[in-house]
Amino acid sequence: MVAVLGRPTGSAPGSPPRDRVTPLLEAVAVVTERPAVPGYERDCSGDAACVFGPAWSDATTAPGSQNGCSTRIDVLVRDLNASTPTRSGACTIDGGRLIDPYTGRVVDTGDSGVRGIHIDHIFPLSAAWDFGAWAWTPQRRAAFANDVDHNLVAVTGGVNSRKSDSTPADWLPPDPARHCFYAARYLTAATAYGLPVTEADHDALSAAVRRCPG
């Protein structure tokens with residue numbers, strides 16, 4: 001079941017204040033355009049390069065890692081309200097309710113399960129690769145890909161598929177009231193890992209930050 005919440009004209013409740021996000025906007029490095037760096041491969045099957053390590057690995061140095069559960073489960077437990085462990089153990093969950101951070105829609109997974117819930121890399125992995133992750137150690141790339149605190153959020157599958165590997169110049173949340181939240185999270189990931197944004201991305205993020213409550 002999916003219900004749509006009322007869309008506020010400003011920022012959604014819980015959005016960070018502007019004076020907390022503006023320093024991130026000022027601190028992030030800005031480049032003219034995104035380079036195209038060969039070698040990115042997310043797939044780990046066959047002979048693929050798997051440059052960010054196996055998906056949702058618990059064996060990294062990322063915050064919350066090495067707790068016995070996959071990164072996907074860690075994010076679902078954090079982001080789904082009223083999530084409950086299954087009988088097989090605490091590392092699987094059965095249902096819960098997601099307030100999609102990009103649309104404001106409320107998704108009750110009690111009937112359909114959690115397969116339709118995706119985990120989004122707010123700063124896309126392919127963009128990170130082009131902007132400098134190609135030069136990181138494999139350990140740092142794996143940590144970035146599984147960083148629950150800085151770069152991961154649970155979202156509905158449809159909106160995550162539409163976002164794909166877009167950066168802010170080409171994609172912002174469908175609900176403008178959630179642009180402030182997204183900009184704050186994107187800039188947090190970028191500054192935490194020393195990743196730049198393009199001039200066009202910076203313009204889009206600047207407009208999003210202006211929506212943050214003063």
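To be clear, the structure that these remarks concern was listed above.
Residues numbered from 1 in each chain as written. Predicted model: local features only at pLDDT ≥ 70, side-chain atom pairs only at ≥ 80, totals over all residues. Heavy atoms only, no water.

Draft legend 1. Molecular detail of the pairing of strand 7 (residues 117-121). Judged by how many residues are buried, strand 7 sits mostly within the fold: 4 of 5 residues are covered. Bridge analysis of strand 7 against strand 8 (residues 152-156) gives 5 bridges, and the strand direction is antiparallel. Its bridge partner lying in strand 8, His121 is registered against Leu152. (Buried < 20%, exposed > 50% of the residue type's maximum accessible area, 1.4 Å probe, protein only. Helix = DSSP H or I, 4+ residues; strand = E, 2+ residues; numbered from the N terminus. Pairing = 2+ DSSP bridges.)

Draft legend 2. Region of the structure containing helix 6 (residues 179-192). The terminal C-alpha atoms of helix 6, which comprises 14 residues, lie 20 Å apart, in line with the 20 Å expected from a rise of 1.5 Å per residue. Extensive coverage of helix 6 is indicated by the burial of 10 of its 14 residues. Looking at the packing, one finds that the buried side of helix 6 touches helix 1 (18-27), strand 8, helix 5 (157-163), strand 9 (197-198) and helix 7 (199-209). A positive phi of about 65 degrees marks Gly194, the residue just after helix 6. (Expected span 1.5 Å × (residues − 1). Contact = heavy atoms within 4.5 Å.)

Draft legend 3. Region of interest: the pattern of salt bridges. Evaluation of the coordinates by the stated rule reveals 4 salt bridges. Residue Lys163 is joined to Asp120 by a salt bridge in which the shortest nitrogen-to-oxygen separation is 2.8 Å. One end of the pair, Lys163, is in helix 5; the other, Asp120, is in strand 7, and 43 residues separate them in sequence. Looking at Lys163, the relative accessible area reads 0%, which means it is buried. Overall, the relative accessible area of 2% leaves Asp120 in the buried class. (Salt bridge = Lys/Arg side-chain N within 4 Å of Asp/Glu carboxyl O.)

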